[in-house]
Amino acid sequence: VRMSMKKLEETDPGGTMVAYSLLRKLAYLHPSGMPLELFRPAERRRFGVLKKQSLVVASTQQWTAGERSSNSGSVTMHALTQEVVRGHLMGSCKGKVVCE
């Protein structure tokens, strides 16, 4: 996951903070079938980048890195990826993410 996040910083520097925020939120939801309606438009635009780094999988909506956001569909994040994000990459911001 750390290597994927480093690659995110290199390939999408303008959207890195949104992508990190999205990863943190995804880490606390059920790993499969997360509806896209739960996420803000800026976050939905980052799913293509996360998919390209194999951090998420599109369930019903396919994304590419430059594709516009969609309100339909769902996303899956592997449970082990969620655990790594929660345990090793969140640091002291766990409470903040839960409250967002």
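Each residue is numbered by its place in its chain's sequence as written, counting from 1. Only residues with pLDDT of at least 70 get local features here, since the model is predicted, and only at 80 or more are side-chain atom pairs given and counted; chain-wide, interface and lining totals rely on the full set of residues. Excluding hydrogens and water, the side-chain values take into account all heavy atoms of the structure.

Moving on, we get to helix α2 (residues 16–26). Relative accessibility decides the category of a residue: with a 1.4 Å probe and only protein chains considered, values under 20% of the type maximum give buried, values over 50% give exposed, and everything between is partly exposed. Helix and strand definitions follow DSSP, with helices as H or I runs of at least four residues and strands as E runs of at least two, each counted in order from the N terminus. In terms of burial, α2 is largely enclosed, as 8 of its 11 residues are buried. Listed as buried for α2 are T16, A19, Y20, S21, L22, L23, K25 and L26.

Side-chain atoms within 4.5 Å are what join buried Ala, Val, Leu, Ile, Met, Phe, Trp, Tyr and Cys residues into a set we call a nonpolar core. Counting 19 residues, the largest nonpolar core has L8, L23, L26, F47, L50 and V75 as the members making the most contacts within it. Of all elements in the fold, only α1 (2–11), α2 and α4 (47–52) reach the threshold of two or more residues within this core. In what follows, a contact means two residues having at least one pair of non-hydrogen atoms within 4.5 Å. Other than its neighbours up to four places away in sequence, L23 contacts M5, L8, L50, L55, M77 and V85.

The pLDDT value expresses, per residue, how confident the predictor is, ranging between 0 and 100. Of all residues in the chain, 74% attain a pLDDT of 70 or more, and the chain-wide mean is 76. Confidence drops under a pLDDT of 50 for residues 62–69, and excluding neighbours within four residues, the segment shows 18 contacts in the predicted structure.

A separate point is the environment of E83. Within the fold, E83 resides in helix α5 (residues 79–89). Separated by 56 residues in the primary sequence, E83 and A27 have C-alpha atoms spaced 7.0 Å apart. We define a polar contact as two N or O atoms separated by no more than 3.5 Å, with the added condition that, inside protein, one atom must be a possible hydrogen donor and the other a possible acceptor, whereas residues neighbouring each other in sequence contribute only through side-chain atom pairs. Of note is the side chain of E83, whose polar atom sits 2.8 Å from the side chain of R86.

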